Amino acid sequence: MKRLPALLLAMVLVACGTRPQQPAAHPDWSYNSVVYEMNVRQYTPEGTLAAAARHLPRLQELGVDGVWLMPVYPIGVKERKGTLGSYYAISDYEAVNPAFGTLEDFDRFLAEAHRLGLRVILDWVANHTSPDARWFEERPADWYVRDSQGNTIVQYDWTDIAKLDYGNADMRAAMAAAMRFWLDRGIDGFRCDMACEVPIDFWQQTLPALRKEYPGIYLLAEGEAPALHDGAFRLMFTSNHDENSWAGTEFERMGDAARVMALLTFTLPNGQPLVYTGQEMGFDHRFEFFEKDPVPAWERNGFTDFYAALIRLRHENPALAAGERGGQAAYPLGERTPDGLMLFSRTAGGNEVTVAANLSAEEVAFDLPFEGSRREFFTGKEYTGGTRTVLPAWQWLVFAQDRR
């Protein structure tokens, strides 16, 4: 099921120009954090939550802060795509896909993640269910949008879904109750799939109430509507489940630029970085979306070290924080910046990070825009400010300095 490209952003759902009184939009831990998206079906040969839980220490060692689980709920059978179906054609919001395990398996996964200091974020699909969902069978017909002949609505090429009708107050209440079902089990928040397809007033009514009941929850929206952006910071990525399966891996799309683009997701202003399943070992493979297609074997390699270093860079430097806590970009060379070179610095609270990224296939020469000597973060090599430096194609330099 090809899905619309959309911006992922930390969720503050208010009408344009209004700011209601409500708990903080972003939990404290999220500002300097890194999120890992886990494709449960493909993450292990078993494709279960129990098997995935055994890998959580590896993610803790990598340094990520939160694990976003692609939907763990049962998948509908009617109009199912492929053999196993789409994660996003959900038949029951308050159960676990039997292929992944049981509710008890989920609780054990959650407990192990929390023991290791990892947050757990569930993918939430509020726009639609499968056409044979429990709600479709048990609830009134007007819980679903229907055409003039009484048929449920299919959007885009999502022929395995039935769109929910947010004009029905009972359905809205049931959706909020289903979200509470998982929050009561102790999850740390939601990534809201296709949030832009759900009426904005549902989010405006529901999310402030959830924040009051469950302080510090993390909310992430997929959507391009301006009302979803007020106060938000962006989730930055070079790959995710949609990009990987439908557009290609980061290596297919970006070639030799893949690593330097990953660096920018960790260092540009106002963003929170995402690592998708397999990126941390440079796995160059498009996962099948509707079939079993697991990672063959996990191994630590140069990509693991690269992502671990990026995560450490993020954690150690407050200037790189998302939102209002991080430093905005300053461009020290201004119009003198050579073509192909992105050169910027970010400063917050005495912490300064300077990034020089060659975004071209040619080497680029420039003068280092600082005084004195600084040590490059990745190599440890010392550089003297003001000296002429040649940066090879698609390479970078990062200087982190704490003056506090």
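Cut-offs and rules
Residues numbered from 1 in each chain as written. Predicted model: local features only at pLDDT ≥ 70, side-chain atom pairs only at ≥ 80, totals over all residues. Heavy atoms only, no water. Helix = DSSP H or I, 4+ residues; strand = E, 2+ residues; numbered from the N terminus. Expected span 1.5 Å × (residues − 1). Buried < 20%, exposed > 50% of the residue type's maximum accessible area, 1.4 Å probe, protein only. Contact = heavy atoms within 4.5 Å. Polar contact = N/O pair within 3.5 Å; in protein donor to acceptor, adjacent residues only side chain to side chain. pLDDT = per-residue confidence, 0-100. Axes fitted to C-alpha atoms, helices over the stretch in contact; angles between N-to-C directions. Parallel < 35°, antiparallel > 145°, perpendicular 65-115°, else oblique. Nonpolar A, V, L, I, M, F, W, Y, C, P; charged D, E, K, R; others polar.

## Points about helix H11 (residues 302–316)
(1) Moving on: Spanning 15 residues, H11 covers 21 Å between terminal C-alpha atoms, matching the ideal 21 Å at 1.5 Å per step.
(2) Moving on: When we look at burial in H11, the residues that qualify are Phe 303, Thr 304, Phe 306, Tyr 307, Ala 308, Ala 309, Leu 310, Ile 311, Leu 313 and Arg 314.
(3) Moving on: Packing partners of the buried residues in H11 comprise helix H3 (56–62), helix H9 (250–254), helix H10 (258–267), strand S10 (271–276) and strand S18 (396–402).
(4) Moving on: The residue sitting at the N-terminus of H11 and contributing the capping side-chain oxygen is Asn 301; that oxygen lies 2.9 Å from the backbone nitrogen of Phe 303.

## Describing the confidence of the model for the chain
(1) Moving on: Taken as a whole, the chain shows an average pLDDT of 93; of its residues, 94% reach a score of 70 or greater.
(2) Moving on: Long-range and interchain partners of residues 1–21, a stretch whose pLDDT sits below 50, account for 91 contacts in this model, where long-range means more than four residues apart.

## Considerations on the packing of helix H4 (residues 103–115) against helix H6 (residues 169–185)
(1) Moving on: In contact at an axis separation of 10 Å, H4 and H6 are set at 55° when each is read in the N-to-C sense. By the angle between their directions, the pair H4 and H6 is classed as oblique. Mapping the contact onto sequence places Leu 103, Phe 106, Asp 107 and Leu 110 in H4 and Phe 181, Trp 182 and Arg 185 in H6.
(2) Moving on: Here the contact of H4 with H6 is composed, by residue class, of five nonpolar, no polar and two charged.

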